[in-house]
Amino acid sequence: MNSSEPFPRGGDMPRLFTELALRDLVLRNRVVISPMCQHAADDGCATDWHLVHLGKFALGGAGLIFTESTAVSPHGRIGVCDLGLWRDDQIAPLKRVVDFVHAQGAPIGVQLAHAGRKAGSQALWDGGRALTQDELRLADGTPWRRLGPSARAAGPEWTVPDALDATGIAGVIEDFVAATRRADTAGFDAIDLHFGHGYLVASFLSPISNHRTDGYGGDRTGRMRLALEIAQRVRAEWPAAKPLFCRISAVDGAEDGWNVADSVVLARELARCGVDVIDVSSGGLTEETRRLTVPRGLGFQVGFARQIREETGMTTQAVGMIVDGHQAEEILRAGAADLIAIAREALNDPYWPRRAREALGLDPDYDAWPVRHGVWLAKREQQMGDILRRRRDVVSGRSQHAGNVGLTQGKN
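Residues numbered from 1 in each chain as written. Predicted model: local features only at pLDDT ≥ 70, side-chain atom pairs only at ≥ 80, totals over all residues. Heavy atoms only, no water.

Undergrad: Explain the confidence of the model for the chain residue by residue, including any values.
TA: Averaged over all residues, the pLDDT of the chain equals 90, while 91% of them reach at least 70. Within the model, the stretch residues 1-10 combines pLDDT values under 50 with 21 contacts to residues more than four positions away or in other chains. (pLDDT = per-residue confidence, 0-100. Contact = heavy atoms within 4.5 Å.)

Right, dumping it as structure tokens:
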């Protein structure tokens with residue numbers, strides 16, 4: 001399709017705006033709001049910021065909305081002010097957000113994560129650097145531990161993590177399971193397990209960071225073990241009617257690290273564990289990633305989603321520099337993915353799904369908007385139509401008058 005032309009009216013419905021059933025959850029369109037770190041929580045609890053931040057995407061017409069990375073343990077936070085589900089008192093503030101999103105007719109999911117050896121960093125607007133060991137001790141009164149598969153730091157700025165023993169690994173798995181129960185109590189419709197970007201599970205997957213010689217290391221099968229055990233246990237705890245997503249880094253960005261062929265194998269195994277959607281990202285393992293990263297351009301990760309989809313038959317979600325409805329539609333029609341995740345574009349325009357709908361040649365359908373917006377916008381459109389018609393009539397009348405004057409002058 002020529003991206004400069006609108007989708008033809010009267011033609012097939014754009015795939016971006018067709019429904020998709022994931023177990024018992026039926027998405028009204030294929031637009032997903034990707035998790036975006038906000039660093040706005042209060043001791044892991046959602047605040048008014050989250051209500052507004054996530055609520056506006058429900059008003060904007062997205063098919064599914066995900067929270068930011070939500071820690072399953074206080075040691076698993078990316079930053080001090082991350083959301084969490086490691087305590088029961090964190091359920092109610094999130095349920096308030098969930099209830100609002102549901103009231104607008106949208107489903108909402110939660111991304112569960114453990115930052116591992118990349119736990120404890122500043123927010124990007126504060127510099128984004130790793131916290132020092134002293135800062136980790138003093139950050140919020142609860143000393144943090146960076147954890148990993150082996151005693152290897154994520155980069156020069158990062159302290160060496162504590163290598164998890166068998167008891168520690170079992171504890172991490174139980175943290176994911178307990179957070180899953182809390183997510184269900186809060187009313188979330190989907191879970192996205194964060195196994196990418198160099199965080200704890202990703203660091204187990206990669207031979208660059210995992211130098212273990214026990215059953216959680218060694219060959220690819222051993223390195224995948226933690227990911228598969230978490231997925232199995234979460235799937236068993238999560239209601240069968242609700243879908244389970246898994247975000248992976250298709251390539252970790254490091255030389256001789258995790259690659260897309262490994263991701264294809266992992267995706268097949270995750271499917272056997274009951275994962276429904278592979279959320280395909282890339283990179284993030286080490287500082288080396290800055291030199292060996294996938295070149296960033298429009299849709300720079302879509303090829304990974306396509307390869308995993310084609311080689312496994314799994315439902316995939318594409319993310320990364322997808323900027324408009326035409327590009328999103330082309331990705332879906334090419335068979336590269338089943339879902340389109342946007343993040344910064346949604347920050348720029350929370351109504352991105354509704355703008356994409358119009359760009360693809362569909363009527364605005366103000367009846368589908370939140371009624372407090374749709375009624376006024378429909379009225380405005382009617383009034384603008386009346387104004388434009390009157391304007392055209394005036395212009396037409398002037399042209400006709402000018403023509404008559406010309407004819408009269410020509411007779412003299």
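From this point, the narrative continues.
Undergrad: Provide a residue-level description of unusual backbone geometry, including the pertinent values.
TA: Glycine aside, residues mostly have negative phi, and peptide bonds are mostly found in the trans state. You will see that Met321, though not glycine, has its phi angle at about 55°, which is positive. Looking at the secondary structure, you find Met321 in the loop between strand E12 (315-319) and helix H10 (325-333). Not every positive phi belongs to a glycine, and Asp365 is a case in point at roughly 55°. Along the polypeptide, Asp365 turns up in the loop between helix H12 (352-359) and helix H13 (371-411). Overall, the relative accessible area of 34% leaves Asp365 in the partly exposed class. (Helix = DSSP H or I, 4+ residues; strand = E, 2+ residues; numbered from the N terminus. Buried < 20%, exposed > 50% of the residue type's maximum accessible area, 1.4 Å probe, protein only.)

Undergrad: Please give an account of the side chain of Ser150 that cites residues and values.
TA: Note that Ser150 resides in the loop between strand E7 (147-148) and strand E8 (162-163). Of the polar contacts made by the side chain of Ser150, one reaches the backbone nitrogen of His211; its length is 2.8 Å. With sequence-adjacent residues up to four places away left out, Ser150 is seen in contact with Pro161, Ala163, Ser209, Asn210, His211 and Arg212. (Polar contact = N/O pair within 3.5 Å; in protein donor to acceptor, adjacent residues only side chain to side chain.)

Undergrad: Got a sec to walk through the pairing of strand E6 (residues 108-113)? Specific residues and values, please.
TA: Taken across its six residues, E6 has six buried, putting it largely inside the fold. Residues Ile108, Val110 and Leu112 of E6 are buried on one face, and the alternating residues Gly109, Gln111 and Ala113, pointing to the opposite face, are buried as well. As paired strands, strand E4 (residues 64-71) and E6 are joined by five bridges and run parallel to one another. Across the sheet, the residue bridging to Ala71 is Ala113, located in E6. Relative to strand E9 (residues 190-195), E6 runs parallel, the two sharing four bridges. (Pairing = 2+ DSSP bridges.)

Undergrad: I'd like a description of the layout of surface pockets, backed by residues and values.
TA: Considering only enclosed or pocket space, the second largest pocket measures out at about 220 Å³ in volume. Around the second largest pocket sit Met13, Phe17, Arg28, Asn29, Gly61, Pro353, Arg354, Arg357, Pro364, Asp365, Ala368 and Trp369, which together line it. In the lining of the second largest pocket, the residues fall into six nonpolar, two polar and four charged. (1 Å grid on protein atoms, 1.4 Å probe; cavity = no way out; pocket = protein on both sides within 12 Å on 5 of 7 lines; lining within 4 Å. Points joined across faces, edges and corners; volume = space filled by probe spheres on them. Nonpolar A, V, L, I, M, F, W, Y, C, P; charged D, E, K, R; others polar.)

Undergrad: Can you explain helix H6 (residues 220-237)? Please cite residues and give values.
TA: Counted at 1.5 Å a residue, the expected span for H6 with its 18 residues is 26 Å, and the 26 Å between its end C-alpha atoms agrees. Along H6, the sharpest kink reaches roughly 35°, centred on Leu226. Buried residues of H6: Gly222, Arg223, Met224, Leu226, Ala227, Leu228, Ile230, Ala231, Val234 and Arg235, and no others. Where H6 is buried, its residues meet helix H4 (166-186), E9, helix H5 (200-205), strand E10 (244-249) and helix H7 (260-272). (Expected span 1.5 Å × (residues − 1). Bend = angle between axes of the 7 residues up to and from the residue.)

Undergrad: Explain empty space enclosed by the protein to me, using residue names and the numbers behind them.
TA: On inspection of all chains with the given rule, the structure shows one cavity of 30 Å³ or more. In this structure, the largest cavity spans a volume of roughly 60 Å³. Taken together, Phe195, Gly198, Ala202, Leu205, Ile248, Ser249, Asp252, Trp258, Leu266 and Leu285 form the lining of the largest cavity. Counting residues per element, the ones that place at least two in the lining of the largest cavity are H5 and E10. Residues that form the lining of the largest cavity fall into these classes: seven nonpolar, two polar and one charged.

Undergrad: Give me the lowdown on the pattern of salt bridges, citing residues and values where you can.
TA: By the definition in use, this model includes 23 salt bridges. Between Lys95 and Asp99 there is a salt bridge whose closest N-O contact spans 2.9 Å. Note that Lys95 and Asp99 are positioned in helix H2 (residues 91-103) at a spacing of four residues, about one turn of the helix. Taking the relative accessible area as the measure of exposure, Lys95 reaches 34% and is therefore partly exposed. Look at Asp99 and you get partly exposed, because its relative accessible area is 37%. Here Arg220 ties to Asp262 by a salt bridge, and the two come within 2.9 Å at their closest N and O atoms. Within this pair, whereas Arg220 is found in helix H6, its partner Asp262 is found in helix H7, the two being separated by 42 residues in sequence. Shared partners join several salt bridges into a network, and the residues in it are Arg23, Arg235 and Asp276. (Salt bridge = Lys/Arg side-chain N within 4 Å of Asp/Glu carboxyl O.)

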